[in-house]
Amino acid sequence: MPTFSHLHVHTQYSLLDGAASIEGLYEKAMGDHMPALAITDHGNMFGAFKFVSQAWKKTKVIGKDADGKDILAPIVKPIVGCEFYVVKDRHIKNFTKELKDNRYHQVLLAKNAIGYQNLIKLTSLGYIEGMYSKYPRIDKSLIEKYHEGLIATTCCIGAHVPQAILKSDEAAAEKEFKWWLDIFGEDYYIEIQRHQIPEQQIINDRLLQFAKKYKVPVIATNDSHYINEDDANAHDILLCINTGEKQSTPGFDDFVNDEIQIKNRRFKFPNNEFYFKTQAQMS
């Protein structure tokens, strides 16, 4: 079985959306012998310092320095990232029923120190320039400016490329894919997710065609919002607090956009697959 590390993970710092504690994530990752762990909270890096400091509480010796002293590294390598809200123009903040604030999800991971600095710039500008309602938003012009040192993926069902696959023709989906590939090059990855959602299979089939045609590496992720499968109900209650709804209210199909209002329906995840799965489960 190949070694697996989670690269799409929401913590409690994905406010009223993630129900996983950083301590709990590391505990499960270490118990399952995962070599690394990423943090990709929605629109912010609030948990980054705690996330990295927690990793350094459990270290291993990886060698000796010139003076013969032990060189230490975290047992589980921390990878700092963020799942951004990307819009057409971050400066537009007046919307109507006809002109909606269409937001797309996008995971970016820091590859090195420059990438970490660019993550900081992007998240900060999301709040300073792009804040609308409860969403810190960035746009492609910022990504073009601050992409150095960052790794990007095709992300989840709510991202640009997957949405283009579902809602546009093949040419438009491929054009969108090419935009990201041209920006990130070797640091762009096809991200495959399987949460028992029929639309994901459509997305995955097309993405794997892109991977073969453009020789883009493929990674597997789980859109992790809570640690264990039996935490799904507690997470659902958290979503009800987020949206001000009762848990007894039936959910609607679009779990990407939590601000959609449908009479007698509420924002809800479609099933209990959105947890921090083990390596064996992911395999």
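Our structure is the block above this text.
Just so we're clear, the structure is a prediction, and the values are computed from it rather than from any experiment. (Residues numbered from 1 in each chain as written. Predicted model: local features only at pLDDT ≥ 70, side-chain atom pairs only at ≥ 80, totals over all residues. Heavy atoms only, no water.)

Participant: Any details on the overall build of the protein chain? Residues and values, ideally.
Facilitator: In terms of helices and strands, the protein chain carries 9 helices and 9 strands. By principal-axis analysis of the C-alpha atoms, the protein chain measures approximately 65 × 45 × 40 Å. In the protein chain, buried positions account for 50% of the 283 residues. Partitioning the contacts of the protein chain with sequence separation of at least 6, the portion at a separation of at least 24 is 72%. (Helix = DSSP H or I, 4+ residues; strand = E, 2+ residues; numbered from the N terminus. Buried < 20%, exposed > 50% of the residue type's maximum accessible area, 1.4 Å probe, protein only. Contact = heavy atoms within 4.5 Å.)

Participant: With reference to specific residues and values, describe the packing of helix α5 (residues 160-167) against helix α7 (residues 198-214).
Facilitator: At a minimum axis separation of 9 Å, α5 and α7 run at an interaxial angle of 110°. As judged from the angle between their axes, α5 and α7 are roughly perpendicular. Within the contact between the two elements, α5 uses Val 161, Pro 162, Ile 165 and Leu 166 and α7 uses Glu 199, Ile 202, Ile 203, Arg 206, Leu 207 and Phe 210. Considered class by class, the residues forming the contact of α5 with α7 number 8 nonpolar, no polar and 2 charged. (Axes fitted to C-alpha atoms, helices over the stretch in contact; angles between N-to-C directions. Parallel < 35°, antiparallel > 145°, perpendicular 65-115°, else oblique. Nonpolar A, V, L, I, M, F, W, Y, C, P; charged D, E, K, R; others polar.)

Participant: Could you give an account of a nonpolar patch on the surface, with specific residues and numbers?
Facilitator: A cluster of nonpolar residues, Leu 15, Leu 16, Phe 46, Tyr 127, Ile 128, Ile 237 and Ile 241, forms a patch on the protein surface that exposes about 680 Å² of accessible area. Of all the secondary structure elements, the ones that give two or more residues to the nonpolar patch are α3 (113-128) and α8 (232-243). Within the secondary structure, Phe 46 is located in the loop between β1 (36-39) and α2 (48-55). (Patch = residues over 30% accessible without salt bridge, like charges linked within 9 Å, V, L, I, M, F, W, Y side chains within 5 Å. Areas by Shrake-Rupley, 256 points an atom, 1.4 Å probe, with all protein chains shown as cover. Salt bridge = Lys/Arg side-chain N within 4 Å of Asp/Glu carboxyl O.)

Participant: Go over the packing of aromatic side chains, please, and point to the residues and values.
Facilitator: Summed over the entire model, instances satisfying the criterion amount to 11 aromatic pairs. Note on Phe 267 and Phe 269: the rings are 6.0 Å apart at their centroids and 80° apart in plane angle, and the pair reads as edge-to-face. With relative accessibility at 4%, the residue Phe 267 sits in the buried group. With a relative accessible area of 8%, Phe 269 lands in the buried category. Between Phe 269 and Phe 274, the aromatic rings sit 4.9 Å apart at their centres with planes inclined by 70°, giving edge-to-face as the arrangement. Here Phe 269 and Phe 274 have matching classes, each one buried. Taken together, the ring pairs in this structure connect Phe 177, Tyr 188, Phe 210 and Tyr 214 into an aromatic cluster. Positioned above the aromatic ring of Trp 179, the side-chain terminus of Lys 140 is 4.5 Å from the ring centre. (Phe/Tyr/Trp six-rings, centres within 6.5 Å; stacked < 30°, edge-to-face > 60°. Lys NZ or Arg CZ within 6 Å of the ring centre and 35° of its normal.)

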